[in-house]
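Geometric and topological summary
Letter by letter, the chains look like this.
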Amino acid sequence: MDHSITLKINGEFYKLNVKSNVLLLDVIRDEIGLTGTKRGCDTGECGACTVLIEGEPVNSCLVLAIEVDGKDILTVEGLVKNGQLHPLQIAFVEEGAIQCGFCTPGVLLSAKALLNTNPNPTEEEIKTAIAGNLCRCTGYTKIIKAINSAAKKMQRKE
Amino acid sequence: MNTYVNIGKSEKRIDALEKVTGSAQYIDDIRIPGMLYAKIKRSAFPHANILNIDTSDAEKLLGVKAVVTGKEFAANFKNSFFGSPMADQPFLAVEKVRYVGEPIAVVAATSEEIAEDALDLIKVEYQLLPAVLNVQDALKNNAPLIHENTNNYRYSSNIKLVFNNNICSHIEIINGDIEQGFKEADFIFEDTFTDHSSHHVPIECRGAIAQFNPNGSITVWAPDQSPYGGRSLIADALRIPESKVRVITPTYIGGGFGGKLRLSGLMPIIAIAWKIKYHPVKILLTREEEFTSTTVRHAAIITLKTGVKKDGTIVSRHAKVMIDTGAYADRGPTVLGKISYGCTGPYKIPHVKVEAYCVYTNKVIAGAWRGYGIAQACWAYESQMDIIAMKLGIDPVDIRLKNIVDEGYITPTEKQEAHAVGLGKCLLQVKEDIFRKRKDRILENRVKGNGIACGYKISRTPSGCNAFVKLNSDLGADVFVSSIEMGQGVNTIFAQIVAEELTIPFDNIRVLPADTDITPFFPASTASRTTFFLGNAVKKAALDIKKQLFNIAKDILKADEQELSLKQGLIFVTKDPRKTVKISEIMEKTYPGGISFLGRGTFYHYKKENLPSHIKVKIPPTLVWMYASQGITIDVDTETGRIKILKVSAATDTGKTINPITCEGQIEGGVMQGIGHAMFEELIFDEKGKIINTSMLDYKIPSALDMPEINSILVEEPHREGPYGAKGIGEIVTVPTAAAIANAIYDAVGIRIKDLPITPDKLLRALNNKGKSI
Amino acid sequence: MIRKIKEFEYLNPSILSELISFLAEYKGRAKMFAGGTDVLIQLKERKLSPKYLIDIKNISELNYINYSESEGLKIGALVTHTSLANSEVIREKYSLLAEASLAVGVLQTRNRGTVVGNICNASPSADTLPALIALDATLKLVSFEGERIVKIEKFFTGPFKTILKETEVVTEIQIPSLPHHSGGAYLWLPKITSVDETLVGAAVVVNLEDLKNKICANARISLGSVAPIPFRAKMAENFVKGKKLESMICKEAGEITANESSPRSRAEYRKEMIKILVKRSLDKALKNINS
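Parameters at a glance
Residues numbered from 1 in each chain as written. Chains lettered and ligands numbered in written order. Predicted model: local features only at pLDDT ≥ 70, side-chain atom pairs only at ≥ 80, totals over all residues. Heavy atoms only, no water. 1 Å grid on protein atoms, 1.4 Å probe; cavity = no way out; pocket = protein on both sides within 12 Å on 5 of 7 lines; lining within 4 Å. Points joined across faces, edges and corners; volume = space filled by probe spheres on them. Helix = DSSP H or I, 4+ residues; strand = E, 2+ residues; numbered from the N terminus. Nonpolar A, V, L, I, M, F, W, Y, C, P; charged D, E, K, R; others polar. Domains from an automatic or database assignment. Contact = heavy atoms within 4.5 Å. Buried area = accessible area lost by both parts, 1.4 Å probe. Salt bridge = Lys/Arg side-chain N within 4 Å of Asp/Glu carboxyl O. Polar contact = N/O pair within 3.5 Å; in protein donor to acceptor, adjacent residues only side chain to side chain. Expected span 1.5 Å × (residues − 1). Buried < 20%, exposed > 50% of the residue type's maximum accessible area, 1.4 Å probe, protein only. pLDDT = per-residue confidence, 0-100. Pairing = 2+ DSSP bridges.

1. Looking at empty space enclosed by the protein
All names here are of chain B.
- Counted according to the given criterion, the structure contains 10 cavities of 30 Å³ or more.
- Every residue lining the largest cavity is counted, 37 residues in all, and those nearest its centre are Q488, S528, Q666, I729 and G730.
- Where the lining of the largest cavity is concerned, the elements lending two or more residues are α14 (490–502), α15 (530–557) and α17 (660–680).
- If one sorts the elements of the lining of the largest cavity by residue count, α17 sits on top with 3 residues.
- In the lining of the largest cavity, the residues fall into 13 nonpolar, 19 polar and 5 charged.

In structure tokens, the structure reads:
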């Protein structure tokens, strides 16, 4: 049976007909064509599929599309505003926090959610916020540095 | 002293923007019209004859387009075994299965879901055979044979096989006279170390798309560290010309580490693509299949008998090595080679004997894994080095400094001149960083310890390769190479080299994804070889363009080529800088209407005269020596046995640091992967050869909360033939970690662990039985 | 093996009574879920293939944390681990429960997963269960037949098994007010990495007769991940009762607990960790009283 749902993703509305058993991750990637969100493990362990649902980081491989009808969803593609990169994206580039890039979309979103509620996090708080985003390449050092750097820049702007 | 514009700068990665905006392309982002979806039926048993496979019900399922079995595929392609250096692997199991998870049939359907359902309908009849699940059992006299006909397999002449048993290959190295050496020694140490099997766990699960074309050619899209290698394996197995096989890599790979190599785990896609000609068919492995059916790190048992003088000089070493290569050879024999040569460590040892065996077992295939056997050898020799140092009362850094090779020393196993040995500097930097702080106890039950280890790795010649560079009229450039960007940063390095040599803007240079129809030959993005070998080829290609430009400029500026210089896109007469012509002017005026400037570079280095003759196995010579040292400070909770890694000081010899930030990134990632392998990661097999922990819930890689402070120290000991003196560091960064941790544990609590992984259970048991080592 | 989820009919009640009728009508053929972090994996593994999947997230009347000194703490079925861990009243008055919720998985899981969901999933290694037992929690179970209040210790019958009937839903967790001079702690060790299932979790609530003498009036000690269901260390509780909670007593309590327990895998190590964690959590609970 098809369900008629409306997903609000990155500020845009998408009217879709989806079956009940379809995952949010697959709708984002296949129906809507936003392939920045990645599939890493399918069991909510690696965080590569992290999206923000109403500002909270969530593993989209463990969410059915129908569950989030009408909810506000942010994917990595939504970080750029008016052609400008988000300070976190800039910081990741400048601090060398990216290697293979597969975990990057998920980490960026977890970091954004952190800085939205905790603009001046300690290193431990940063680590806890991204503990669910596994990275095999960077050893996390420069990711944490980048989040720190972005936090400071964002605070100065305010 | 050279002053460079781009070289040595932490230029921003050229792939960074795509990756932070989510627009970077990986295999699962490639959609081809008409694509079908494949799923693989896998063996439930470690060793069994396949009596019958009934696919009729699966074929009838609505949406299923085809099903193929090993028997059917093999009937059309005789002796279609693939593998290098030994072709012992079928695309799909034919007569029997040799490990749990081995592919036996493939379904292609209009959706993944239908393909999955079809697997349930495939019925397989097995006749179970006794299985061997460890090397000791595999080597027993009456052990069941895993491969009955190894003499029928094609194999490279430089590996030595042993037939009619479960030994895949064998190496023996002799240098000097070990018995004489032991007589000269004041102390003899004999220790056995074991290293376990772990997985690369790239965050991206691999996949592939394959299509047979009406003209008899095959196109494969796959994230592969060796597109040319994968092409060669397929062509060789199917007896078709290599140019009939096209391997295209997506722009990026989500982590390789040696695992995504020559279509490892993906070869069944060829069989199903053949069956459903001419549709493209895609497979994406699940995380479970990544663990069970790709390749893993070789588990090893290494016994070192080492003779030393009382002043700490090593005189003799007898090494016995066994590695577990799983059900098929894959890269086992060459990993055996590396581990055998590597048993001496970076040390001067006049008398050496190494006896090494690569052994089959009925388990998942072991293959290339960052370090390629060197990490296992280092675990053994660096642990023993500290055992020796403690017993002799010599400082662990001093004993190493005493024994390490120096420039020009003819190494004991490779019998070649060591060159650009930055190891001494690395050791001293680490000592300075780690040992200068006192270790204070935090609490009664918390003890700190410091440990140090070092290692070396080689990269073999020829590793011949080419590169093309195309200079465009807007002074942007494109680099055509068959390496792949899997996070190590090579694309950025190539852009830096081209920018440096042609003095064009760095941020207008692109590196194309590898495509064996377009980009020229490169053996593989492995062995830490890309910067050195392919960097040289790219540099040559850029210089080729520069030469062409100077050839035109000389007439314009009325000077000889040698009298010209290039800076910021401007060619000028060195001694009279007012005489100038811009590169852009040359392009516009000499070629109105447009043109590209094409540069080509080839790097092929092969010293035939250095081939060792005394060694029973012929090996290609070594050109590049890579060195690193790590010092680790840990905090042990003696009540729980839990170890917290506080700090890692990692000094790595880059030769020349082309991009400091990417080098640091490699060190930091390598250290974490080393920690993961040493302490957290272990593939656990049940008594039926099945891996129990096949999800990321049960197989844990380090998270951000496990991260210690990592201090990356970049040491430069320039290599005379490296581009700007650069070497490679991709693997050496993960090699010394395990031994450094074990040495720190000994420093903290006096317990010597010789068997990886280091777990709190093991340490606590040892602490409770204090005095005994494990 | 992870596979595509089989199709099902999706139900989305917005009030509790609607849910109760669905459970009654589709008895045995329906599965409820809120956060989905456990249920979706079970669906992917085909451990469950229900005809009806009932999403209870829109029943807003189930989303609350209420506290009063007389009534104690009441937590609704839709409270997530993150909400619980952020709740000021819980952090102040029932800190061990906040600590237990923070020990659950990773942030992404905690943002979706509910405490009631954690209870109904009944994993032997769940963190909130021993904490709730130490707090003497009860559960309100509601069905078309009415309501019943069950002590949480009686709720679990085996790994992933509870007494919850197919027609019932757990709507609320009830935790009594703690008497004066009470303190609690939840300490845990992971199986392997810092972000991992719990190997041993120890939850302790102690109540002193008075602050000066530190004589234990009452103690509740519960362990997670050492038995098929959460384990209540009654022998150790009886041992500490009436004694001054000094280091040696806490240590012995740990040893008694270890001897009482019989973990199955990594048994030797787990027993050692039971000793250590019970001691350490008693120490910490004591400190929490003083502060």
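2. Concerning the domain arrangement of chain A
All names here are of chain A.
- Per the domain assignment, the segments of chain A are domain 1 (2–78) and domain 2 (87–157).
- The C-alpha centroid of domain 2 is placed 22 Å from the C-alpha centroid of domain 1.
- In this complex, domain 1 contributes 15 residues to the contact, which on the side of domain 2 involves 12 residues.
- Both sides together, the interface formed by domain 1 and domain 2 hides about 1,000 Å², and carbon and sulfur atoms give 68% of it.
- Seen at the junction of domain 1 and domain 2, the total is 0 salt bridges.
- Where domain 1 touches domain 2, the interface holds 4 residue pairs in polar contact (both at pLDDT 80 or more).
- For the side of domain 1 that touches domain 2, the element with the highest residue contribution is strand β3 (residues 50–53), accounting for 3 residues.
- A class-by-class count of the residues in the side of domain 1 that touches domain 2 yields 7 nonpolar, 5 polar and 3 charged.

3. Re helix α3 (residues 104–117) of chain A
- In this model α3(A) runs 20 Å from its N-terminal to its C-terminal C-alpha over 14 residues, within 8% of the 20 Å that 1.5 Å per residue would give.
- A:T104, A:P105, A:G106, A:V107, A:L108, A:L109, A:S110, A:A111, A:K112, A:A113, A:L114 and A:L115 are the residues of α3(A) that are buried.

4. Some words on the confidence of the model for chain B
- The predicted model of chain B averages 94 in pLDDT, with 96% of residues at 70 or higher.
- Across the whole predicted complex the pTM is 0.97, and at the interface the ipTM reaches 0.98.

5. Description of the pairing of strand β16 (residues 281–284) of chain B
All names here are of chain B.
- Here β16 shows a buried face lined by V281 and I283 and a second buried face lined by K282 and L284.
- Where strand β1 (residues 36–42) lies against β16, 2 bridges are found, and the strand directions are parallel. Counterpart to L36 in the pairing with β16 is V281.
- As defined by bridge partners, strand β13 (residues 207–212) adjoins β16 across 4 bridges and the pair is classed as antiparallel. Counterpart to A208 in the pairing with β16 is I283.

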